[in-house]
Amino acid sequence: MIALFALLLIVAAVGWGASWLGENPGAVTMTWFDYRIDTSIAVLLLAAILAAIFLAATYLLLQKLMQAPKRYSERRSLKHYRLALTEVTRSVAALAASDIASATRHTRRAEKALGTTPLTLLLRAQISKSDGSDAETRQLLEQLLEYPETEYLAAKSLADAAQKQQMLPQAMNFAERAHKINPKEAHGAWAVFDLLIAGGQFQEAETHARHARKTGAFSRADLQTAQGKIACKQAEHATANGNKANALSFARRAIEYLPGDAAVAELCAELYIDNQQPAKALSIIQRQWKIAPSKKLAELFKDVTEEEKPARKEKLVAKLVASNGAAAENMLLE
């Protein structure tokens with residue numbers, strides 16, 4: 001509506017101007033060399049308008065002619081990238097279908113069109129991983145470390161691969177690099193933590209977990225889980241070194257942080273038995289049986305009740321079965 005009103009105003013203004021010029025034509029005389037031109041203001045304005053239109057059209061034509069090569073190049077590049085994108089899409093689809101040969105073929109075409117890019121390197125790395133070529137996968141991931149957009153993913157993947165191969169120092173280097181890039185990401189924080197406790201660096205693991213809590217990578221529950229894992233590992237180390245008293249102390253701490261964890265409950269019950277505290281071991285077994293019974297707990301229960309009188313043992317078995325009647329592990333108590 002506003003545009004229509006503005007258009008009407010313009011038309012009215014032009015009409016009024018034309019009418020005014022008709023009533024007041026005026027006179028213009030121009031002398032150029034031996035030529036003299038006598039005309040009216042209206043004709044002069046019309047000539048000026050036509051000249052402006054001609055110059056504008058000439059400018060636009062020249063601009064199009066000058067930009068023609070660039071636009072041709074852009075259209076060609078766009079077509080080129082569309083073809084490359086098609087090859088990338090086909091490669092991803094082939095990978096999803098586990099068609100390694102087809103994925104390799106399409107990735108090579110995409111790389112020929114795009115050159116070596118993070119995207120093509122990622123595709124090649126995934127193909128190598130799917131094909132079981134660990135050395136080539138590692139080489140490609142190391143190349144991806146050079147690109148900011150893929151550095152985190154590459155560092156995390158290299159850390160996981162090194163950890164699986166028990167190359168803990170290298171795994172730690174890559175894990176710390178990934179964590180430094182994205183300090184608020186929980187997976188990276190856990191990767192560093194797990195490597196620290198795997199290497200027996202319990203104090204460092206505790207410090208790292210608290211720092212991760214401050215940065216937001218760990219929630220309060222995550223910090224509690226981390227502290228429980230540290231205590232559990234310390235208990236395992238103390239047991240391996242023959243220090244059962246210290247091992248029990250660590251296991252008790254672990255079960256406080258990780259109530260309901262089957263592995264921690266089994267370890268704590270076993271250490272209570274080793275430290276001649278069968279009643280406390282039985283209490284742990286009974287509490288855990290309600291949550292998640294296991295074959296190991298059934299074996300520990302038999303050890304605890306081995307010297308009990310038959311009637312007492314039968315009552316304890318019945319109590320345990322009643323606490324979790326649907327558990328298949330109840331058959332192991334007989």
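What this report covers is the structure whose coordinates are included nearby. (Residues numbered from 1 in each chain as written. Predicted model: local features only at pLDDT ≥ 70, side-chain atom pairs only at ≥ 80, totals over all residues. Heavy atoms only, no water.)

A separate point is the pattern of salt bridges. Applying the stated criterion across every chain yields a total of nine salt bridges. Counted as one network, the salt bridges with shared partners bring together Glu87, Arg90 and Arg109. (Salt bridge = Lys/Arg side-chain N within 4 Å of Asp/Glu carboxyl O.)

If you walk through the whole model with that rule in mind, you get two aromatic pairs. Residues Trp190 and Phe193 carry aromatic rings whose centres are separated by 5.4 Å and whose planes lie at 85 degrees to one another, so their mutual orientation is edge-to-face. Highlighted residues: Trp190 and Phe193, both in helix α8 (residues 186-198), separated by three residues, approximately one helical turn. Here Trp190 and Phe193 have matching classes, each one buried. A cation sits over an aromatic face here: Lys229 above Trp190, 4.8 Å from the ring centre. (Phe/Tyr/Trp six-rings, centres within 6.5 Å; stacked < 30°, edge-to-face > 60°. Helix = DSSP H or I, 4+ residues; strand = E, 2+ residues; numbered from the N terminus. Buried < 20%, exposed > 50% of the residue type's maximum accessible area, 1.4 Å probe, protein only. Lys NZ or Arg CZ within 6 Å of the ring centre and 35° of its normal.)

Turning our attention to the packing of helix α12 (residues 262-274) against helix α14 (residues 295-304). Angle between the axes and distance between the axes: these two values describe a pair of packed helices. Between α12 and α14, the shortest axis-to-axis distance is 10 Å and the interhelical angle comes to 20 degrees. One element, α12, and the other, α14, form an angle in the roughly parallel class. As for how α12 packs across α14, the hand of that crossing is left-handed. On the side of α12, the interface is formed by Glu266, Ala269, Glu270 and Ile273, while α14 contributes Lys296, Leu297, Leu300, Asp303 and Val304. (Axes fitted to C-alpha atoms, helices over the stretch in contact; angles between N-to-C directions. Parallel < 35°, antiparallel > 145°, perpendicular 65-115°, else oblique. Left-handed = near helix turned anticlockwise from the far one by under 90°. Contact = heavy atoms within 4.5 Å.)

Okay, the packing of α8 against helix α9 (residues 202-215) next. Here α8 crosses α9 at 165 degrees, and the two axes come no closer than 8 Å. Comparing their axes, α9 and α8 come out roughly antiparallel. The two elements α8 and α9 meet at a crossing, and its hand is left-handed. Of α9, the residues touching α8 (which contributes Ala189, Val192, Phe193, Leu196 and Ile197) are Phe202, Glu204, Ala205, His208, Ala209 and Ala212. When the residues that make up the contact of α8 with α9 are grouped by side-chain class, the tally is nine nonpolar, one polar and one charged. (Nonpolar A, V, L, I, M, F, W, Y, C, P; charged D, E, K, R; others polar.)

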